[in-house]
Structure formats: C-alpha cells, structure tokens
Amino acid sequence: MLANAEIVRRFLELKHQVHPDVVSYIREQDDPALIDQIAAGVPEDTLVVSAEHIPGLKKVRDGTRFLVDPELEVIMGSAGTTGSVSGHEDAVHYFRNRYNCLSSMIRSRMTTMPIEALVKSPHRYRDEECSIIGMVADVRTTAKGHRLIEVEDPTGTIRVLFNKGRDESFAEAERILPDEVLGVKGKLSSDGGLFFAEHLFRPDVPINNAPFKSDRPGKAVLISDVHVGSDTFLDEAWHRFADWLQDSDAAYLLIAGDLVDGIGIYPGQDQELTIKNIYEQYDVFAEMLRDLPSRIQIVAAPGNHDVVRMAEPQPAIPPEFTAKFPENCTLVENPCLLNLQGVRVLMYHGRSIDDMIGLIPGASYERPGEIMDEMLKRRLLAAPYGMRTPIAAMKTDRLVIDPLPEILLTGHVHICGITRYRGVLGVNAGTWQAQTAFQKQMNIHPTPARAFVVDLQTLQPEVIDFS
Ligand code: D5M
Ligand code: FE
Ligand code: ZN
C-alpha cells in the first residue's frame with residue numbers, strides 16, 4: 001500500500017505540490033499508476049494538484065432539491081419529532097442505526113469483511129491484507145505509546161493496534177473518538193488475537209462533493225447563544241444588530257441555541273441573572289424577535305441553557321414558553337436540517353465540541369472551525385456517548401450527518417469560527433454574551449456580537465461585527 005510521503009514525493013519529482021485530498025484518494029484507490037495519470041492532465045502553471053485534476057472524477061451533489069413555498073422547509077427536526085426514549089432496547093437500535101449509516105459510507109469506497117470471519121478463521125487470513133469496519137468500543141494508549149482500540153461490528157469484536165512508528169496513520173489514530181465508526185486496513189496477528197492497522201478510513205465527505213447553490217437571490221444571517229437574562233447579555237450590541245437588520249436584504253435568521261440564559265444551569269447562576277424567571281426570559285427574547293422585520297423567516301433551536309431536556313436531540317421549546325414569539329419564527333429541535341431555497345443548513349448547538357476539544361490532541365476553543373471539520377470527517381455531530389454531551393438513544397441516530405448539508409452551523413463555545421471542508425461551509429456563530437466569570441476562570445475569550453451573512457447563491461460568508 002502506498003504511503004502518504006511516497007505519494008507526495010512522487011508528485012514533487014514531477015514538480016507539483018499535491019492537496020491532501022488527492023493524497024488520500026490515491027491511497028484509498030491503492031493504485032500507484034494513478035499518480036502519472038493525474039500528473040499527465042495537470043496544466044503546467046498549476047501550483048497545487050487538487051481533486052479537480054483527478055481524471056473522471058466529476059463533482060456531484062446528492063439528491064434532488066425540491067423547492068418549497070415559502071422557501072423554508074424543516075427537513076429534519078421539526079417540533080415534536082424527537083419522541084421519548086425507553087431504555088436498553090433503544091440503545092441497541094441506536095448504535096445499530098449509527099453503524100449501518102456510517103459503515104455504508106465507508107463500504108462504498110473499500111471492500112471489507114465481517115469481524116467474525118477474521119476471528120473465526122485466523123489461519124486463513126494471516127499475512128493477508130484485509131479490511132474491516134467497526135464502531136470504536138474502547139480506545140486507549142498503551143504503556144509503549146501505541147494506540148490500542150477495540151472495534152465492534154454486528155458479528156464480533158476485535159482489538160486493533162496502531163503502531164506509533166507509522167507516522168501518518170498514527171496521527172489519525174490519536175484522534176480516534178469513542179463510538180465513531182472506522183474502516184481499518186491491516187493484517188491479523190499470527191495468533192489471530194490482534195489486528196495490526198496500516199490505515200484508517202473515515203466515512204468523510206466525498207472529495208467530489210459539490211454543494212448546491214440557490215438559483216435566486218437570498219441571504220441567511222447566522223447567529224447563536226443570545227443568553228437573554230444574563231447580566232453579560234450585550235443589549236446595546238443586539239440593538240445595533242436589530243437596526244442593521246431593518247435595512248438588510250436578509251431573508252432568513254437562524255439561531256443555533258442558548259436563546260436565553262435559563263435558570264439553575266450552573267451553581268450560583270442566579271447571582272449573574274438580570275431576569276430570574278424563565279418565562280420572562282423567553283418573553284423578553286420574544287419581544288426582541290418582534291422588533292425585527294417581519295419579512296425575515298426566523299428559525300430558533302434550543303441549546304443547553306434552554307428549558308428543554310439536555311439529551312440530544314433536544315425537543316423544540318414548548319408553546320408555554322413561546323406564546324409571545326412572532327409568527328415569522330419557527331421553533332425547531334437541536335439538531336435540525338433546514339432547506340433554504342434548496343441550500344441545506346444543518347444547525348446544531350455544539351455541546352459535543354467540549355468533548356471533542358478534550359479528546360483531540362491540539363484542538364482548541366480558539367479554533368472551533370477545526371472541530372467542525374472533525375465532525376464532517378466522522379459524519380457525526382457528536383461521537384462519544386456518555387460523556388459531557390447527553391444523547392437520547394432513539395431508534396435512529398439524528399446525530400449522523402446525512403444527507404450532507406451545504407452549511408453546518410454551530411455555536412456553544414462563544415468563539416466564532418469559519419471553515420470550508422470539501423465544499424461544506426462551517427460557521428460557528430459565537431455569542432451575544434460578554435465573558436462570564438466562569439469563562440474568565442477557564443481562560444475562555446469569547447468573540448461576541450458577530451453575525452454571519454451567507455449569500456445562498458454563492459455560499460460565501462461575511463462576518464459583521466456589532467461589538
Ligand atoms: O457554554 C459556553 C462555553 O463555556 C462553552 O465553551 C463551554 C464553556 N462552559 C460553560 N460551562 C462550563 C462548565 N461547567 N464546564 C466546562 N466548560 C463550560 P454555555 O453553554 O453557553 O454555558
Ligand atoms: Fe452558550
Ligand atoms: Zn451552550
């Protein structure tokens with residue numbers, strides 16, 4: 001199998017730099033002849049060989065877009081669709097559903113075998129390169145610094161070792177999260193008890209992913225974490241934003257959760273509240289929305305400070321709190337998938353970012369865009385079950401990213417970030433709350449009072465600072 005460094009070196013010999021997407025494509029195809037084929041078609045003045053230079057690889061987008069009227073549709077996560085959970089049975093279905101969705105994405109790119117086949121006839125597969133797809137049941141670092149994981153498919157379980165000497169797969173192995181689904185290529189140990197990994201494969205975004213763009217004008221404004229009721233809510237900045245919206249040509253306003261600060265969310269919170277009644281917090285928020293132009297379609301989802309259950313998917317904020325909300329506001333669940341003029345927006349509050357920052361080496365609150373890339377690679381909004389992000393195990397896994405959106409919108413960390421991963425635009429929209437005492441203690445520096453405007457015809461974002 002070709003190593004990354006070898007692929008890069010071969011292109012350098014041909015006087016080309018090469019994009020990592022092309023490197024991983026060649027590695028997955030496992031066909032050294034591809035390098036010459038690709039290089040032959042690259043125009044001389046090309047600085048970096050990218051996916052568009054791969055012969056025969058056409059940009060495709062999944063599915064057809066049915067345009068609706070009015071041009072806002074909640075594809076997934078409309079109010080009342082999360083349902084309740086009943087326990088053990090649901091957890092079994094839940095993980096099976098996650099495995100089925102994600103393994104099929106990997107299986108379309110590689111030939112794999114059931115774990116049971118390997119485990120039951122180790123002699124047959126010894127010394128032969130094989131591939132499996134499993135969900136990560138356990139992940140740890142050994143005393144010698146290797147990465148040892150246990151993966152599970154519907155037929156069996158096997159331990160997989162990533163040797164720290166294999167630089168490139170090891171860097172990825174260090175980023176393995178509990179409960180993500182991986183494809184692994186490698187060889188079985190002679191006693192059949194261990195699988196030596198050579199490469200790992202994630203469900204990922206296809207490199208020929210072509211995002212849909214609206215064929216008519218339309219702009220969406222993306223914000224998050226308003227935290228009404230907190231003494232650090234930035235009232236004046238919000239009013240500047242509201243004034244600006246009056247004259248803007250925005251058609252949509254999406255709010256990714258933590259609409260209000262809530263009550264009893266953390267110890268001593270009442271000391272930091274200007275509005276201590278949860279109904280009043282939503283009433284004030286409702287008033288703020290009523291002051292915005294009624295032509296704007298508003299979509300509001302809950303976050304971990306809102307009044308609904310913490311476990312994701314979180315239900316929409318119930319009617320007893322939203323009686324005063326304007327008619328142009330649609331309340332949705334967290335996460336939800338929206339269709340704006342054919343452009344799909346996956347809106348997720350982002351609680352799992354806390355877990356991912358704790359687990360991924362080098363990840364930082366300062367760069368939420370990188371975490372959004374990691375979500376897209378795993379095609380999961382939240383991988384680990386049973387950490388800081390509570391997950392409601394239902395029959396289907398609503399945290400799987402499928403279908404792919406054009407835009408992924410998150411919030412929660414109160415720090416803006418922007419990313420573009422294989423055509424998908426990621427925006428972490430920040431907050432309307434200044435630094436809290438807790439964040440000061442944690443050395444978290446928010447970037448408040450920003451709104452992101454995305455042109456649905458070009459998918460280009462613009463950030464506007466109201467601070
Ligand atoms: O979260 C705002 C940010 O502050 C987010 O990055 C998490 C961090 N935060 C908030 N509370 C805690 C606790 N208790 N531990 C660790 N990190 C925390 P928000 O959801 O707005 O409170
Ligand atoms: Fe928040
Ligand atoms: Zn939050």
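The structure displayed is predicted, hence computed values, not measured ones.

Let's talk about the site of ligand 1
Around ligand 1, the structure places 14 residues, and the nearest of them are Asn304, His305, Arg388, His412 and His414. Take His414: an N or O atom from its side chain is 2.9 Å from an oxygen atom of ligand 1. Expressed as a share of its isolated accessible area of 460 Å², the protein-covered part of ligand 1 is 77%. With respect to the pocket detection grid, ligand 1 is positioned in the largest pocket. When grouped by side-chain class, the residues that make up the shell around ligand 1 number 4 nonpolar, 6 polar and 4 charged.

Remarks on the pairing of strand β4 (residues 130-141)
Two strands pair when backbone bridges link them, and β4 and strand β7 (residues 181-188) are joined in this way by 6 bridges, in the antiparallel orientation. Bridge assignment links Ile133 to a residue of β7, and that residue is Gly183. Note that β4 and strand β5 (residues 147-153) share 6 bridges and pair antiparallel. Note that in β5 the partner of Val136 across the bridge is Val151. Connecting β4 to the antiparallel partner β5 that follows it, the hairpin turn spans 5 residues, and Gly145 within it adopts a positive phi of roughly 90°.

Comments concerning helix α8 (residues 235-247)
Compared with the 18 Å implied by 1.5 Å per residue over 13 residues, the 19 Å span of α8 between its first and last C-alpha is a close match. Contacts made by the buried residues of α8 are with β9 (219-223), β10 (252-255), α9 (278-290) and β17 (450-455).

Notes on the environment of Ile360
Within the secondary structure layout, Ile360 lies in the loop between α11 (352-359) and α12 (368-378). Spatially, the C-alpha atoms of Ile360 and Gly80 are 34 Å apart, while their sequence positions differ by 280 residues. In this structure, Ile360 is in contact with Arg175, Leu177, Glu374 and Arg378, ignoring residues within four places of it in sequence.

Re the packing of aromatic side chains
Scanning the model with the defined rule gives 13 aromatic pairs in all. Look at Trp238 and Phe241: their rings are 5.2 Å apart centre to centre, the planes differ by 70°, and that puts the pair in the edge-to-face class. On the criterion of helical spacing, the pair formed by Trp238 and Phe241 is a turn pair, its members being 3 residues apart in helix α8. Among the residues examined, Phe241 registers a relative accessible area of 0% and is labelled buried. Among the aromatic residues, those joined into a ring-pair cluster are Trp238, Phe241, Trp244, Trp432 and Phe466.

Criteria and cut-off values
Residues numbered from 1 in each chain as written. Chains lettered and ligands numbered in written order. Predicted model: local features only at pLDDT ≥ 70, side-chain atom pairs only at ≥ 80, totals over all residues. Heavy atoms only, no water. Near = heavy atom within 4 Å. Polar contact = N/O pair within 3.5 Å; in protein donor to acceptor, adjacent residues only side chain to side chain. Areas by Shrake-Rupley, 256 points an atom, 1.4 Å probe, with all protein chains shown as cover. 1 Å grid on protein atoms, 1.4 Å probe; cavity = no way out; pocket = protein on both sides within 12 Å on 5 of 7 lines; lining within 4 Å. Sits in = over half its atoms within 2 Å of the grid points. Nonpolar A, V, L, I, M, F, W, Y, C, P; charged D, E, K, R; others polar. Pairing = 2+ DSSP bridges. Helix = DSSP H or I, 4+ residues; strand = E, 2+ residues; numbered from the N terminus. Expected span 1.5 Å × (residues − 1). Contact = heavy atoms within 4.5 Å. Phe/Tyr/Trp six-rings, centres within 6.5 Å; stacked < 30°, edge-to-face > 60°. Buried < 20%, exposed > 50% of the residue type's maximum accessible area, 1.4 Å probe, protein only.

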